[in-house]
Amino acid sequence: MVIQWYGHSCFKITSGELILVIDPYAKEIGLTPPRFRSDIALVTHGHYDHSNTDALAGEPFLISGPGEYEAKGVGIQGIDSYHDNAQGKERGRNTIYRITMENITLLHLGDFGENEMRDETLEEAGDVDILMIPVGGKYTIDAAAAAKVVKQIEPRIVIPMHYKIPGLTLPLETVDSFLKETGAGKIEPQEKLTLRKKDLSEGEKTRVILLTPAR
């Protein structure tokens, strides 16, 4: 499995010939929209910075809400959550995606805005190998809340997303506060994350991995 981050909340996950994309964004956020071919596209909510599936090449199988799905051999569970800490009254709902590929479980939180994860959401999330979590605040949880959610979930690997990077016009915080909150210290970003199930040890301490935006 190869995981690439295209900035904001957009990830490209490749397994053999299969390509899955999460939350492709529109050019209005200041970044160049992803235009690669994809087989499966997941959208956490309908805002323009997460739902620009028209820019993608090919005709991906589109999933845009809670429920149980299986597409091209990939198991996907959409988990209902809120975009804010007021039960959706400010920004509406958000779908968390639990993805099972190559016997690896990934959890993408989308624009999760609740100050902590509810017990029922934690139960649906289950055991998580790789967590993709927003940390930039403003429209989602901030660094401190994200660090608490990481402790709740206890993933083997956490990849921060939805934070300020060069070119992004949205008023988000940088990743620095999250690294401080989690005690991760200075981390050298890498272009992509390549791993197999055997690379993930049971009971290992959570590792924070930074990815540089792909082009």
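Because the structure is predicted, anything quoted here is derived from the model rather than measured.

S.K.: Let's hear about the sheet that holds strand β9 (residues 104-108): which residues, and what values?
M.R.: Spatially, β6-β7-β8-β9-β10-β11-β13 is the arrangement adopted by the 7 strands of the open sheet, whose pairing is mixed. Each end of this open sheet is capped by a strand with a single partner; those strands are β6 (67-71) and β13 (207-208). Direction of pairing for strand β10 (residues 130-134) relative to strand β11 (residues 157-161): parallel, over a ladder of 5 bridges. Pairing of P134 across the sheet is with M161, part of β11. Together, β9, β10 and β11 form the strand contacts of helix α2 (residues 143-153), whose direction differs from that of β10 by roughly 160 degrees.

S.K.: Can you explain the nonpolar core? Please cite residues and give values.
M.R.: In terms of nonpolar packing, the biggest core is built from 69 residues, with I3, L20, I133 and F178 touching the most fellow members. Among the elements that line this core, the one with the most residues is α2, at 6 residues. Apart from the residues lying within four places of it in its own chain, the contact partners of I3 are F11, K12, I13, L106, I130, M132, I159, K192, L193, L195 and L211.

S.K.: Describe the environment of E204, with residues and values.
M.R.: The residue E204 is located in the loop between β12 (193-194) and β13 in this model. C-alpha of E204 to C-alpha of G110: the two residues are 94 residues apart in sequence and 25 Å apart in space.

The rules we used
- Residues numbered from 1 in each chain as written.
- Predicted model: local features only at pLDDT ≥ 70, side-chain atom pairs only at ≥ 80, totals over all residues.
- Heavy atoms only, no water.
- Pairing = 2+ DSSP bridges.
- Helix = DSSP H or I, 4+ residues; strand = E, 2+ residues; numbered from the N terminus.
- Contact = heavy atoms within 4.5 Å.
- Axes fitted to C-alpha atoms, helices over the stretch in contact; angles between N-to-C directions.
- Core = buried A, V, L, I, M, F, W, Y, C linked by side-chain atoms within 4.5 Å.
- Buried < 20%, exposed > 50% of the residue type's maximum accessible area, 1.4 Å probe, protein only.

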